[in-house]
Each structure stands twice: as C-alpha cells, then as structure tokens.
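# Descriptive structure summary
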Amino acid sequence: MTGIVKHAWVPLVMVVVVVIAAFTVARLHGVFGSHMYTPDNGNADAIIQFNPKHVLLEIFGPPGTVADINYLDEQVQPQRLDAVNLPWSFEIVTTLTAVLANVIAQGNGSIGCRITVNGVVRDQESEDSYHAQTACVVKSA
C-alpha cells in the first residue's frame, strides 16, 4: 500500500488542487461584474425603415457602344455583364447607413461611368480612347 501511495501522491495532489480550483471559480462566477447579460425586452419597438437611399450606377457612351461591366450589387456581391449595349443603369434602394458603390466597364469605344446618390452625382469618370476602360467608386454612400 505504501508503494502505491509513494508513486501516486503527486497525481492525487494535482487532482485535489484542480477540484478545489474549479469549485472556487464556480463560486466566484457571479462576483465582480461577471453577471450574465440579459437584454432589455421592455423597449422592443420594431425598427421602421425610413429615408431610403437611391444609388444609381450608370455606364454611358455613344450609340452602338458595347461594354463589359462589373459592379457590386445590393448585397455587395460582384456581378459581371458581358456585351451590354449602352447606356446601362442599375439602381440600388436601401436603408443601410452606408453603401459601397463600385462600377467598372470596358467598352469598344468612348465610355463613361457615373454614380448618383439620392440625385447627387458623387463620382463621374469618362475615357475617350480605343477599348476604353472607366471606373467609378463611392466608398460611403
């Protein structure tokens, strides 16, 4: 029996220390500002959407111009359109506080882009060359 105690006293002491530490931590769990968060359900009014933003992406060029267009949709997912006849436009209507608007196009002639937010032109670019490429970005619409 003393042979077992001689070899097992260190693991036995470690188990006792771990049990005492776990018990102490469990007892102190609700002390010193570590209470469980409970949301205030008394003020659970529905959020009413208001003041929507209208973001208009436009690609323009002379009649007969064809362009490949890349843009970000309302979920900020990249979209690609090939061989689109110009003019082209895409409108995003949202109530988000900020919107990232981005459009890039390459055409077979002169080409331009415009991003309008609530009727105000926020970015406009144009390029007049063979296989012109243009890009418009509004980081916080």
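The present account deals with the structure reproduced in this document. Since the structure is predicted, the reported quantities are computational estimates derived from the model, not experimental observations.

### A word on the sheet that holds strand E2 (residues 66-72)
The four strands lie next to each other as E3-E2-E5-E8, forming an open sheet whose pairing is antiparallel. The open sheet is flanked by strand E3 (78-85) and strand E8 (133-138), the only strands paired with a single partner. The sheet shows a mean angle of 15° between the axes of neighbouring strands, direction not considered. Summarising the sheet, E2 and strand E5 (residues 101-107) pair through five bridges and their orientation is antiparallel. Within E5, the position partnered with alanine 67 by the bridge is glycine 107.

### What to know about the pattern of salt bridges
All told, the structure shown has two salt bridges when counted by the stated rule. A salt bridge links glutamate 58 to arginine 114; its shortest N-O distance comes to 3.2 Å. Separated by 56 residues along the polypeptide, glutamate 58 in strand E1 (residues 53-60) and arginine 114 in strand E6 (residues 111-117) bring together distant segments of the chain. A salt bridge links aspartate 82 to arginine 80; its shortest N-O distance comes to 2.8 Å. Accessibility expressed as a relative area gives 49% for aspartate 82, which makes it partly exposed. Given a relative accessible area of 54%, arginine 80 falls into the exposed group.

### Comments concerning a nonpolar patch on the surface
A grouping of Trp9, Val10, Val13, Met14 and Val17 is seen on the molecular surface, where their side chains present a nonpolar patch of about 500 Å² in accessible area. Residue position: tryptophan 9 is located in helix H1 (residues 2-28). By relative accessible area, which is 51% here, tryptophan 9 ends up exposed.

### Some details on the state of the cysteines
Per the counting criterion, the structure on display carries one disulfide. The disulfide partner of cysteine 113 is cysteine 136, and the S-S distance across this bridge is 1.9 Å. Between cysteine 113 and cysteine 136 the sulfur-sulfur dihedral comes to about 85°; the bridge is accordingly right-handed. Residue cysteine 113 is found in strand E6, and its partner cysteine 136 is found in strand E8; the two are separated by 23 residues along the sequence. Across this residue pair, the class does not change: cysteine 113 and cysteine 136 are buried.

### A look at the sheet that holds strand E7 (residues 120-127)
The strand order across the open sheet built from four strands is E4-E1-E6-E7, with neighbouring strands paired in antiparallel fashion. Each end of this open sheet is capped by a strand with a single partner; those strands are strand E4 (88-94) and E7. The average angle at which neighbouring strand axes cross in this sheet is 10°, direction not considered. Note that E6 and E7 share seven bridges and pair antiparallel. Along E7, the bridge assignment pairs threonine 116 with valine 121.

### Notes on the side chain of aspartate 73
Positionally, aspartate 73 belongs in the loop between E2 and E3. The side chain of aspartate 73 sits in the buried core without any salt bridge; arginine 80 is the nearest counter-charge, 15 Å away. Within polar-contact distance, the side chain of aspartate 73 engages the backbone nitrogen of glutamine 75 at 3.1 Å. Those residues in contact with aspartate 73 that lie beyond four places of it in its chain are Gln79, Phe90 and Ile92.

Cut-offs used in this document
- Residues numbered from 1 in each chain as written.
- Predicted model: local features only at pLDDT ≥ 70, side-chain atom pairs only at ≥ 80, totals over all residues.
- Heavy atoms only, no water.
- Pairing = 2+ DSSP bridges.
- Helix = DSSP H or I, 4+ residues; strand = E, 2+ residues; numbered from the N terminus.
- Axes fitted to C-alpha atoms, helices over the stretch in contact; angles between N-to-C directions.
- Salt bridge = Lys/Arg side-chain N within 4 Å of Asp/Glu carboxyl O.
- Buried < 20%, exposed > 50% of the residue type's maximum accessible area, 1.4 Å probe, protein only.
- Patch = residues over 30% accessible without salt bridge, like charges linked within 9 Å, V, L, I, M, F, W, Y side chains within 5 Å.
- Areas by Shrake-Rupley, 256 points an atom, 1.4 Å probe, with all protein chains shown as cover.
- Disulfide = S-S within 2.5 Å.
- Lys, Arg positive; Asp, Glu negative; His and termini not counted.
- Polar contact = N/O pair within 3.5 Å; in protein donor to acceptor, adjacent residues only side chain to side chain.
- Contact = heavy atoms within 4.5 Å.

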